[in-house]
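Descriptive analysis of the structure
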Amino acid sequence: MSQAAITSRWKIKTGLNGDFIFKGITVLFAFSILVILFLMIYEMVEQSLPSMAKSGWRFITDQNWDAVQEEFGALPYIYGSVVSSILALALATPLSVGSAIFITEIAPKRLGAVMASLVELLAAIPSVIYGLWGVLVMAPWLQSTVQPFLIDHFGFLPFFQGAPYGVSMLAAIFILMIMVVPIITSISREVLLAVPRSQKEAAIALGATRWEMIRMAVLPYGRSGILGAVILGMGRAIGETMAVTMVIGNTPQISLSLLSPAYTMPSVIANEFAEATSKIHSSALMEIGLILLVVTLIINAMARLLIWSVTRRQSGGGR
Amino acid sequence: MKSVILRKGANMAMTGLMLAAALAVLVPLVLIFVHIIKMGLSSISLDFFTQIPKPTGETGGGMANGMAGSAVMIALASIIGLPIGIFGAIYLSEYGGSRISTVIRFAADVLAGIPSIITGMVAYTLLVVPMKGFSALAGAVALAMIMIPIILRTTEEQLKMVPGSLREASLALGVPLWRTSLKVTLRSAMTGVMTGVLLAIARVAGETAPLLFTALGNQFWSSKLTAPMAAMPLQIFNFAISPYEDWHRLAWAGALVLVTIMFALSLSARYFGRSRQKN
């Protein structure tokens, strides 16, 4: 029971000096969250206006990014962000959902608990450390082993043509996959834990095997929550900066081949923002940031609503 | 009706697939840990904790200034972020009407999902541009903006778990509302609140992107809050993408130290969380 509920229930008088000041402080701080969010959106829009006025729609359709000539076409960055995060998600989703099911439904309780905390540890590793491992261990390994193999056996496909560089779109996809798997796994796990026991018991009582129980009772119940977890992972992947910057090769080009270097929106901000000397250059980078912000706002709002819809149903609106 | 053998076969196959998925998730974890521990242990030395980075070409050096800088900025970020997060949570759980609380909660969740590099850009326009220079203060503000939603949400969850009877008892004894909030409600939730705070600190301790254009990094010692300051994650980043073998070794040592600190933080967070459950 919250204090407000208690005061109204027992008709406790409020409005004494100390109470008034204290409540004022808490109101101020709580609303500062809204202020921060508003300020972020306002600043990003305001700072992007010069670039919007100059480039218009060409900003997202042009491929040419030249700070000296003041031509700003962000398409290669948008392409790099979209492709790297969608492919990373495509690889990560089955792995994450599978392991979340394994942890909650199949593994013995103690093993499941150990694996769950290992996954939490993975989610806590800073991205710069993933990047360090990616650029010093994974990229050389890709260059010497995986990429030559792909070129030899699948080189006829447009996705695997060119020379093995190591740092590449493929490296970014792999590192992003490794980074979003723990996030999707741990949220999916929470969602699956919210499935009522009675549903599962009913399926078992009707003679279902364990897989049939999962398919018919667990997954339909948690579907929207799992979808929310995947979308949240998408938001993380598209905004991920350090690890991707370190392994993607930072070359603004649109190439079908996954072996060639690419560039993403957060990476170009990370690399150029501190050194942007002209107003219009930093405004163009701000506009990239604004695109990123709008995309992640939409993604996060959607994901939150989906996850809330499941966990709320379980706790009867308590949260 | 499918045959029993077919159904049992499907069950076995799917169980195997999910086991494989779970193992595949843990493989990179093991690989990353093995490398950090192996490379980190072979590179770490006493110098790492006492020296600042040497210029290119010279061997040795450490990240002492980065560790100090990170500590200063995290402390400052906590000073800014803790009151906002905790008092905001008191509002949400004790006073807030349901609609406005939902809006603030939603805003906090959305804020937590904004890429940290954008937080850095905003701190840049709000602080670096008006102050005409990169500064540790701007870095700390960027980190605080990341901490606030985490602390707010965890603290609120904890305050809600405090039973209403405690508040009623305190009010019945004539304790004013505000003292009840601070001395009874917040205090009984303290261990849980600490868990949230430690997790928030662990999260920002490894943040690199928001510091790129706020604190900027510094090769030397600096104690001025209005000047660029070194930070460990920034140093790891810069050394990792450099072409020098010796700097790579420093980066691995830095990674080992950073991961150790973060695990210590999350283990103690878990310890706090567990001791609360026992009570």
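Since the structure is predicted, the reported quantities are computational estimates derived from the model, not experimental observations. (Residues numbered from 1 in each chain as written. Chains lettered and ligands numbered in written order. Predicted model: local features only at pLDDT ≥ 70, side-chain atom pairs only at ≥ 80, totals over all residues. Heavy atoms only, no water.)

Here we come to the overall build of chain B. A count of helical and extended segments in chain B gives 11 helices and zero strands. In sequence order, the secondary structure elements of chain B are arranged as α-α-α-α-α-α-α-α-α-α-α. At 23 Å, chain B has a C-alpha radius of gyration far larger than the 19 Å of a compact globule built from 279 residues. Expressed along its principal axes, the backbone C-alpha trace of chain B runs to roughly 70 × 70 × 35 Å. Buried positions account for 54% of the 279 residues belonging to chain B. Of the contacts made within chain B by residues no fewer than 6 positions apart, 74% connect residues no fewer than 24 positions apart. For chain B, the accessible surface area stands at approximately 12000 Å², while carbon and sulfur atoms represent 69% of it. (Helix = DSSP H or I, 4+ residues; strand = E, 2+ residues; numbered from the N terminus. Rg over C-alpha atoms; globule rule 2.2 N^0.38 Å. Buried < 20%, exposed > 50% of the residue type's maximum accessible area, 1.4 Å probe, protein only. Contact = heavy atoms within 4.5 Å. Areas by Shrake-Rupley, 256 points an atom, 1.4 Å probe, with all protein chains shown as cover.)

The interface of chain B with chain A comprises 88 residues on the first partner and 87 residues on the second. At the boundary of chain B with chain A, total buried surface from both sides reaches about 7900 Å², with 81% on carbon and sulfur atoms. Counting across the interface, chain B meets chain A through two salt bridges. Inspection of the chain B/chain A interface yields 11 residue pairs in polar contact (both at pLDDT 80 or more). Broken down by element, the side of chain B that touches chain A gets its largest block of residues, 19 residues, from helix H1 (residues 4-43) of chain B. Taken together, the residues of the side of chain B that touches chain A break down into 62 nonpolar, 17 polar and nine charged. (Buried area = accessible area lost by both parts, 1.4 Å probe. Salt bridge = Lys/Arg side-chain N within 4 Å of Asp/Glu carboxyl O. Polar contact = N/O pair within 3.5 Å; in protein donor to acceptor, adjacent residues only side chain to side chain. Nonpolar A, V, L, I, M, F, W, Y, C, P; charged D, E, K, R; others polar.)

Before going further, it helps to examine the confidence of the model for chain B. The pLDDT averaged across chain B works out to 90; a share of 97% of its residues lies at or above 70. In the predicted complex, the global pTM is 0.92; the interface-specific ipTM is 0.92. (pLDDT = per-residue confidence, 0-100.)

On to the confidence of the model for chain A. Here chain A averages 90 in pLDDT, while 96% of its residues score no lower than 70. Taken element by element, chain A is modelled with least confidence in helix H1 (residues 3-10) of chain A, mean pLDDT 80, and with most confidence in helix H10 (residues 242-247) of chain A, mean pLDDT 96.

Residues and elements named next belong to chain A. What the domain assignment reports for chain A is domain 1 (1-55) and domain 2 (60-314). Here domain 1 and domain 2 have C-alpha centroids that lie 33 Å from each other. Counting residues at the interface gives 12 residues for domain 1 and 11 residues for domain 2. Both faces combined, the contact of domain 1 with domain 2 buries some 1000 Å², and carbon together with sulfur accounts for 72% of it. For domain 1, the biggest contributors to the area lost against domain 2 are Met 44, Ser 51 and Lys 54; these three give 46% of the whole. Linking domain 1 to domain 2 there are zero salt bridges. (Domains from an automatic or database assignment.)

This paragraph deals with the packing of helix H2 (residues 17-55) of chain A against helix H4 (residues 98-113) of chain B. Close contact between H2(A) and H4(B) brings their axes to 9 Å; oriented N to C, the two are set at 50°. Taken together, H2(A) and H4(B) sit at an angle that is classed as oblique. Viewed along their axes, H2(A) and H4(B) form a crossing whose handedness is left-handed. Every residue of H4(B) that contacts H2(A) at A:Ala30, A:Phe31, A:Ile33, A:Leu34, A:Ile36, A:Leu37 and A:Met40 is listed here: B:Ile100, B:Val103, B:Ile104, B:Ala107, B:Ala108, B:Val110 and B:Leu111. When grouped by side-chain class, the residues that make up the contact of H2(A) with H4(B) number 14 nonpolar, no polar and no charged. (Axes fitted to C-alpha atoms, helices over the stretch in contact; angles between N-to-C directions. Parallel < 35°, antiparallel > 145°, perpendicular 65-115°, else oblique. Left-handed = near helix turned anticlockwise from the far one by under 90°.)

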